[in-house]
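Residues per chain are reported as follows:
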Amino acid sequence: MNCGRCGEDISDHHVALINGRVMGDGYTESFFHCPRCDVYMMVLYHDSFSGPDTKTVHGPLSKTRVNPKLQIIARCPEPTNERCTCDAHREYWGELLDT
């Protein structure tokens, strides 16, 4: 993973991820922080039930935009559990989570 601003390899600066299952599709949002630029990159993995899987890179993203998401993820006891239905998962993914 490279920073979208300076190009530095930030693979070792993974800060959070959360998995979710929405209407049969699996989603993972994974966040990386660039210490040089103080911005974030986010990778969205979409495991599609009925089509091809995709990986989309977003960023650079500001701390203002990302920090609220990181705070929600930090409240989840099992952020890698796509079937988790805790309050944090519901807030993050919305009421569309499969239960």
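This structure is a prediction, so every number in the text was calculated from the model and none was measured.

Definitions and cut-offs
Residues numbered from 1 in each chain as written. Predicted model: local features only at pLDDT ≥ 70, side-chain atom pairs only at ≥ 80, totals over all residues. Heavy atoms only, no water. Helix = DSSP H or I, 4+ residues; strand = E, 2+ residues; numbered from the N terminus. Rg over C-alpha atoms; globule rule 2.2 N^0.38 Å. Expected span 1.5 Å × (residues − 1). Buried < 20%, exposed > 50% of the residue type's maximum accessible area, 1.4 Å probe, protein only. Arc of directions from axis to C-beta. Contact = heavy atoms within 4.5 Å. Pairing = 2+ DSSP bridges. Axes fitted to C-alpha atoms, helices over the stretch in contact; angles between N-to-C directions.

Looking at the overall build of the protein
Then, in step 1: Each helix and strand in the protein was counted, giving 2 helices and 4 strands.
Then, in step 2: In sequence order, the protein lays out its α and β elements as β-β-β-β-α-α.
Then, in step 3: In summary, the protein has a C-alpha radius of gyration of 14 Å against a globular reference of 13 Å for 99 residues, a match within 12%.
Then, in step 4: Taking the principal axes of its C-alpha atoms as reference, the protein extends roughly 40 × 30 × 20 Å.

Re unusual backbone geometry
Then, in step 1: Residues Gly59 and Pro60 are joined by a peptide bond in cis, for which omega reads 10°.
Then, in step 2: With respect to the secondary-structure elements, Pro60 resides in strand β4 (residues 54-61).
Then, in step 3: Its identity is not glycine, yet Asp38 carries a phi of approximately 60°, on the positive side.
Then, in step 4: With respect to the helices, strands and loops of the structure, Asp38 is situated in the loop between β2 (25-34) and β3 (39-47).

Things to note about helix α1 (residues 63-75)
Then, in step 1: If you check α1, its first and last C-alpha atoms are 18 Å apart, about what 13 residues at 1.5 Å a residue would give, namely 18 Å.
Then, in step 2: Every buried residue of α1 is listed here: Val66, Leu70, Ile72 and Ile73. Summarising the axial view, the buried residues of α1 lie within an arc of 160°, below the 170-degree limit, and thus occupy one face. Within α1, the exposed residues directed more than 90 degrees away from the buried face are Thr64, Gln71 and Ala74.
Then, in step 3: At its buried positions, α1 is contacted by β1 (14-22), β2, β3, β4 and α2 (87-93).

Describing the environment of Tyr40
Then, in step 1: Structurally, Tyr40 can be placed in strand β3.
Then, in step 2: Those residues in contact with Tyr40 that lie beyond four places of it in its chain are Val15, Phe32, His33, His58, Gly59, Pro60, Leu61, Ser62, Lys63, Val66, Asn67 and Leu70.

Section: the sheet that holds β3
Within a beta sheet, neighbouring strands are joined by backbone hydrogen bonds and run either parallel or antiparallel to one another.
Then, in step 1: Pairing is antiparallel in the open sheet, where 4 strands are placed in the order β1-β2-β3-β4. Edge positions in the sheet fall to β1 and β4, since each of these pairs with one other strand and no more. Between one strand axis and the next, the sheet turns through 15° on average, direction left out of account.
Then, in step 2: Here β3 runs beside β4; their pairing, made up of 6 bridges, is antiparallel. Pairing of Tyr45 across the sheet is with Lys55, part of β4.

The analysis is restricted to geometry; functional conclusions fall outside its scope.
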